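Understanding the architecture of this molecule
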Amino acid sequence: MTDKKIIAVLGATGSQGGGLARAILNDRMGGFAVRALTRDPGTEKAQALAKLGAEVVKTDVNSMPSLRQAFDGAYGAFCVTFFWEHFLPDKELAQASAMATAAKMAGVKHVIWSTLEDTRLKVPLKDKRMPTLMERYKVPHFDAKGESDQAFRMAGLPTTYLRTSFYWKNFIYFGLGPKRQPDGSLALTLAMADKKLPGIAAEDIGRCAYGIFRKGMDTIGQTIGIAGEHLTGAQMAAAMTRALGQEIRYDAVTPEEYRGYDNAAAKDVANMFQYMSEFESEFCGARNVESSRAFNPDLQTFERWLAANKDRIPLS
Ligand SMILES: NC(=O)c1ccc[n+]([C@@H]2O[C@H](COP(=O)([O-])OP(=O)(O)OC[C@H]3O[C@@H](n4cnc5c(N)ncnc54)[C@H](OP(=O)(O)O)[C@@H]3O)[C@@H](O)[C@H]2O)c1
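The present account deals with the structure reproduced in this document. For clarity, every value in this text was computed on a predicted model and none was experimentally measured. (Residues numbered from 1 in each chain as written. Predicted model: local features only at pLDDT ≥ 70, side-chain atom pairs only at ≥ 80, totals over all residues. Heavy atoms only, no water.)

Residues in contact with the ligand amount to 25 residues; listed here are only the nearest, Thr13, Thr38, Thr81, Lys145 and Tyr167. A distance of 2.8 Å is found between an oxygen atom of the ligand and a backbone nitrogen or oxygen belonging to serine 15. The side chain of asparagine 170 places a nitrogen or oxygen atom 2.8 Å from an oxygen atom of the ligand. For the ligand, the protein covers 85% of the area, taking 930 Å² as the surface of the free molecule. Every element with two or more residues in the shell around the ligand is listed here: α1 (15-26), α4 (83-86), α6 (140-154) and β7 (166-167). (Near = heavy atom within 4 Å. Polar contact = N/O pair within 3.5 Å; in protein donor to acceptor, adjacent residues only side chain to side chain. Areas by Shrake-Rupley, 256 points an atom, 1.4 Å probe, with all protein chains shown as cover. Helix = DSSP H or I, 4+ residues; strand = E, 2+ residues; numbered from the N terminus.)

A few words on the sheet that holds strand β10 (residues 196-200). The pairing of strands in a sheet comes from backbone hydrogen bonds and takes either a parallel or an antiparallel form. If you walk across this open sheet you meet the three strands as β7-β10-β12, and the pairing is mixed. Because the sheet does not close on itself, it has two edges, and the strands there are β7 and β12 (229-232). Along the sheet, helix α9 (residues 233-244) makes contact with β10 and β12, crossing β12 at roughly 95°. (Pairing = 2+ DSSP bridges. Contact = heavy atoms within 4.5 Å. Axes fitted to C-alpha atoms, helices over the stretch in contact; angles between N-to-C directions.)

Let us look at the sheet that holds strand β8 (residues 179-180). One open sheet holds the three strands; their spatial order is β8-β9-β13, and the pairing between them is mixed. Both edges of this open sheet fall to β8 and β13 (248-252), since each of them pairs with a single strand only. Strand direction decides the pairing type here: β8 and strand β9 (residues 186-190), joined by two bridges, are antiparallel. Its bridge partner lying in β9, lysine 179 is registered against alanine 187. Contacting β9 and β13, α9 runs over the sheet at an angle of about 160° to β13.

Geometric descriptors of this kind do not, in isolation, establish any biological role.
Written as C-alpha cells, this is what we have:
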C-alpha cells in the first residue's frame, strides 16, 4: 500500500498518458503514485512503467467493470480517448461517458479529461463552408471530445477540462512531415494559410497534466488549453530548415485540396485545419503558452523539440 495519492492513467503506454505517468514517476518526492492502465500489462512499454515504480493494471475502456476496477481507490484519473485507433467519434462518446460514470462511482476526487473543441458550436452542421462528415460531425476527432465534456459535467465530477494541441510528432508518425517534391525540393504541406498552429511536444501534455494535479483542486471546473508555441507553417518550415540543414519550404494548400488527399484522415484533418485557421485568434487564445509553462516549467519550444527529434523526421 502506498500513502501517496494514486493517479489512474488511461493511455499510460501512449503519448499523453505516458507523459503524465513518467512525470509522476520521475518526481520521487512527489505526493502521487501511478496506476498505469493498459490492455496488456505484459508489453515492453507497460513493463518499463512497472520498472519505474508504476502499478500496472489491465484495463479495457470498453468494459465498465474493468474501468470501475481501474479507478477504484484512486484520488485522480487522467481520461483520454483513442480516436486514431478506430476513427469512430460515436465510440469516443461512449468511452468518455463510461469513464465519467466509472470515475463517479469510484469517488475519484480529481479527473483531468483530455478534450478539444466541439467545432459544431461555431460551424453548425448546416454551415456549408466545410462538409459534414459521418452525418453529424464537422471535425470528428474534435467534436466527440467536446461533446463529451457534458458527460463529465452531468456526472457532477470534479473535472479539469484539458484542451490539447497538435503534436509536433505528427511530423514523424502521422505522415504530416516534409515531403520530397517531383523537382527534388522539400515542402511542408499544411492547409493553414498564413495562420498560426498551436503545437506541443506530446509528452508535455502529460507534464502539464501533472502540474494541474499538483495544484490541487484550484482548476476544477475550468477549461485549460495548453501549447508549446503558436507558429505559422512558414515559421515551422524555417525552423525545420535550420534544424535539418536542408531547405524546406511551406506549401500552403487550401482545405479543399487537402480533403482530396488519398488518406483515411484527410477530410477530418482538412476540416480541422480550416477550423483552426478561420478561428485562429480564438483557438490560439484558448491555449496560452505562458500559463502552460506555469504548469510545466520545462515546456519545450519547437526549436528544442526539433533539436531532439530532427533525425526521426522522415524526408521522403
Ligand atoms: N495527434 C495529435 O496531434 C493529437 C492532438 C491532440 C489530441 N489528440 C488525441 O489524442 C488521443 C490519443 O492519445 P495519445 O496520442 O496519447 O494515444 P496513443 O499514443 O496513440 O496511445 C494509444 C493508447 O491507447 C490505449 N488504448 C487504446 N485502446 C484502449 C482500450 N480499449 N482500453 C484501454 N486502453 C486503450 C493504448 O494502451 P495499450 O495499447 O497499452 O492498451 C495506448 O496507450 C486521440 O483521441 C487524439 O485525437 C491527438
